[in-house]
Amino acid sequence: MYRALTREIEVVVEPFYLEEQSDPDDDRYVWGYKIVISNNSDMTVKLVNRYWNITDQNGIVDEVMGAGVVGEQPTLEPGDTYEYSSGCPLDTPSGLMFGHYQMETNEGEIFDVEIPAFSLDSPGLLRVLN
């Protein structure tokens, strides 16, 4: 699992490889990921927008921006959590994702909450670290 904390709002990501949707012979690799957002602050926040940077192992970057997540713009009261799952296809057996959520307080303040960088690695993939 991967974690990031911004202004007492925690984002936890758990990626997983979707073998049944992947076809390595056709250069199609698919991952799912579960995200839990926990509002440990004393303010109410609404998730307004999202930004993703998705980079495959060849360094090709895909940026995704849009309103909310999975068709929703959840409001989190202090102590609330919000959980959702989504997915990401790549043309390579590994990659990296990171990004942020744009949050808005009841007072109209807008700020970004970090989504931690997480790796997308196919099972059995050998990685060499320098």
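Check the entry above for the structure.
What comes next is a walk through the structure. Just so you know, these numbers come straight off a predicted model, no measurement behind them.

## Examining the sheet that holds strand β2 (residues 9–17)
Read across the sheet, 4 strands follow the order β1-β2-β3-β7 without closing on themselves; strand pairing throughout is antiparallel. Two strands bound the open sheet, and with one partner strand each, they are β1 (2–6) and β7 (81–90). Here the average twist between neighbouring strands, direction ignored, is 20°. Where β1 lies against β2, 5 bridges are found, and the strand directions are antiparallel. Bridge pairing in β2 places A4 opposite V11.

## Side note on the side chain of T92
Counting through the fold element by element, T92 comes out in the loop between β7 and β8 (94–105). Among the polar contacts made by the side chain of T92, one reaches the main-chain amide nitrogen of Q57 at a distance of 3.2 Å.

## A closer look at the side chain of N53
Assignment of secondary structure puts N53 in strand β4 (residues 45–56). The buried category is assigned to N53, whose relative accessible area is 11%. Here the side chain of N53 touches T55 through a polar contact of 2.9 Å, side chain to side chain. Each residue touching N53, except ones within four places of it in the same chain, is listed here: V61, D62, E63, L96, M97 and F98.

## Considering the nonpolar core
Soluble globular proteins: nonpolar side chains tend toward being buried together. If you look at the biggest cluster of nonpolar residues, it comprises 28 residues, and the most contacted ones within it are I35, I37, W52, Y101 and M103. Only β2, β3 (29–39), β4, β7, β8 and β9 (110–121) provide two or more residues apiece to this core. In contact with M103, not counting residues within four places along its chain, are I9, I37, V45, K46, L47, V48, E109, I110, F111 and V113.

## Quick notes on the pairing of β4
Extensive coverage of β4 is indicated by the burial of 9 of its 12 residues. In this structure, β4 lies alongside strand β6 (residues 75–76), joined through 2 bridges in antiparallel fashion. By the bridge assignment, V45 is partnered in β6 with L76. Bridging between β4 and β8 involves 11 bridges; their strand directions are antiparallel. Residue pairing across strands places N53 opposite F98, the latter belonging to β8.

Basis of the calculations
- Residues numbered from 1 in each chain as written.
- Predicted model: local features only at pLDDT ≥ 70, side-chain atom pairs only at ≥ 80, totals over all residues.
- Heavy atoms only, no water.
- Pairing = 2+ DSSP bridges.
- Helix = DSSP H or I, 4+ residues; strand = E, 2+ residues; numbered from the N terminus.
- Axes fitted to C-alpha atoms, helices over the stretch in contact; angles between N-to-C directions.
- Polar contact = N/O pair within 3.5 Å; in protein donor to acceptor, adjacent residues only side chain to side chain.
- Buried < 20%, exposed > 50% of the residue type's maximum accessible area, 1.4 Å probe, protein only.
- Contact = heavy atoms within 4.5 Å.
- Core = buried A, V, L, I, M, F, W, Y, C linked by side-chain atoms within 4.5 Å.

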